[in-house]
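Analysis of the macromolecular model
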Amino acid sequence: MTVTLEVRDNVGTIRLDRPPMNALDVAVQDRLRELAEEAGRRDDVRAVILYGGEKVFAAGADIKEMQAMDHTAMVVRSRALQESFTAVARIPKPVVAAVTGYALGGGCELALCADFRIAADNAKLGQPEILLGLIPGAGGTQRLARLVGPSRAKDLIFTGRQVKAEEALAIGLVDRVVPAAEVYEAAHAWAARLARGPALALRAAKESVDAGLETDIDTGLTIERNWFAGLFATEDRERGMRSFVEEGPGKAEFL
């Protein structure tokens, strides 16, 4: 399989495995959607890692496959492409991208679908579609601008240039940089910590932030208020507050 889902310690790793560069062809895109939806449904998956292996995250789309498509074919395919990435972005659990080597084009767009990005110190990220006479088509113009701001996003998209890990960290494109050999374990440690947390509260937090960013602040506050009140009906809330009162903060264990 070109994409797999493996689970350890309640952390699901969605692993790209299409050597040599993890090019994101149609089969990979469709499989990503399937596994993102599966990870969202499975009770034994409480956090998710996106990973391309030790050498490369994903160097972009399969250009040879795309070259063979005409306008009509891409009108049909572009929706499925975006829906595959959106399925990853909407996994209702914490998601971290473990970025090694190149994360370009669709690879960068996939990393943008995560909640947190840990990059190798030798990683390079970018949106080079303009060099093909195109623009990003899997969410890059939207998620990148929301993450790093419109001016920085336009710089990367207009020029197609690649940024090294240090610059990516400085502009907020990634959240942490570690030695290349430590990327996956650092991502797993982040995910495993959250996998032990209150699943419904984490889902509420993620959906409140993500949905709130897409609307005005009053609507965002309504979304937050509804989730906040709703959590008072959960066992996790009872467990967390009881532990706080009886044992002090930070000692609750959630099922």
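Residues numbered from 1 in each chain as written. Predicted model: local features only at pLDDT ≥ 70, side-chain atom pairs only at ≥ 80, totals over all residues. Heavy atoms only, no water.

**A closer look at the nonpolar core**
Residues Ile 49, Leu 50, Phe 57, Val 99, Leu 125 and Leu 173 are the most contacted members of the largest nonpolar core, which totals 61 residues. At seven residues, helix α8 (residues 183–195) tops the list of elements feeding residues into this core. Aside from chain neighbours lying at most four places away, what touches Leu 125 is Val 99, Ala 103, Leu 104, Cys 108, Arg 161, Gln 162, Val 163, Ala 168, Leu 173 and Val 174. (Core = buried A, V, L, I, M, F, W, Y, C linked by side-chain atoms within 4.5 Å. Buried < 20%, exposed > 50% of the residue type's maximum accessible area, 1.4 Å probe, protein only. Helix = DSSP H or I, 4+ residues; strand = E, 2+ residues; numbered from the N terminus. Contact = heavy atoms within 4.5 Å.)

**Some remarks on the sheet that holds strand β3 (residues 47–51)**
Strand order in the open sheet formed by six strands is β1-β2-β3-β4-β6-β9, and the pairing between neighbours is mixed. In this open sheet, the two edge strands, each paired with only one partner strand, are β1 (3–8) and β9 (176–178). With direction set aside, neighbouring strand axes in the sheet form an average angle of 20°. With five bridges connecting them, strand β2 (residues 11–16) and β3 associate as parallel partners. Across the sheet, Arg 15 pairs through a bridge with Tyr 51, a residue of β3. Contacts between α8 and the sheet are confined to β1, β2, β3, β4 (95–99), β6 (116–120) and β9, with β4 contributing the most and set at about 175° to the helix. (Pairing = 2+ DSSP bridges. Axes fitted to C-alpha atoms, helices over the stretch in contact; angles between N-to-C directions.)

**Considering the pattern of salt bridges**
Two side chains that carry opposite charge are able to pair once their charged atoms sit near each other. Counting across every chain of the model gives 17 salt bridges. A salt bridge links Asp 9 to Arg 8; the shortest N-O distance between them is 3.9 Å. We classify Asp 9 as exposed; its relative accessible area is 53%. Taking the shortest distance from any N to any O, the salt bridge between Arg 117 and Asp 175 comes out at 3.9 Å. Here Asp 175 lies in the loop between α7 (165–171) and β9 and Arg 117 lies in strand β6, a separation of 58 residues in the sequence. Accessibility expressed as a relative area gives 4% for Arg 117, which makes it buried. (Salt bridge = Lys/Arg side-chain N within 4 Å of Asp/Glu carboxyl O.)

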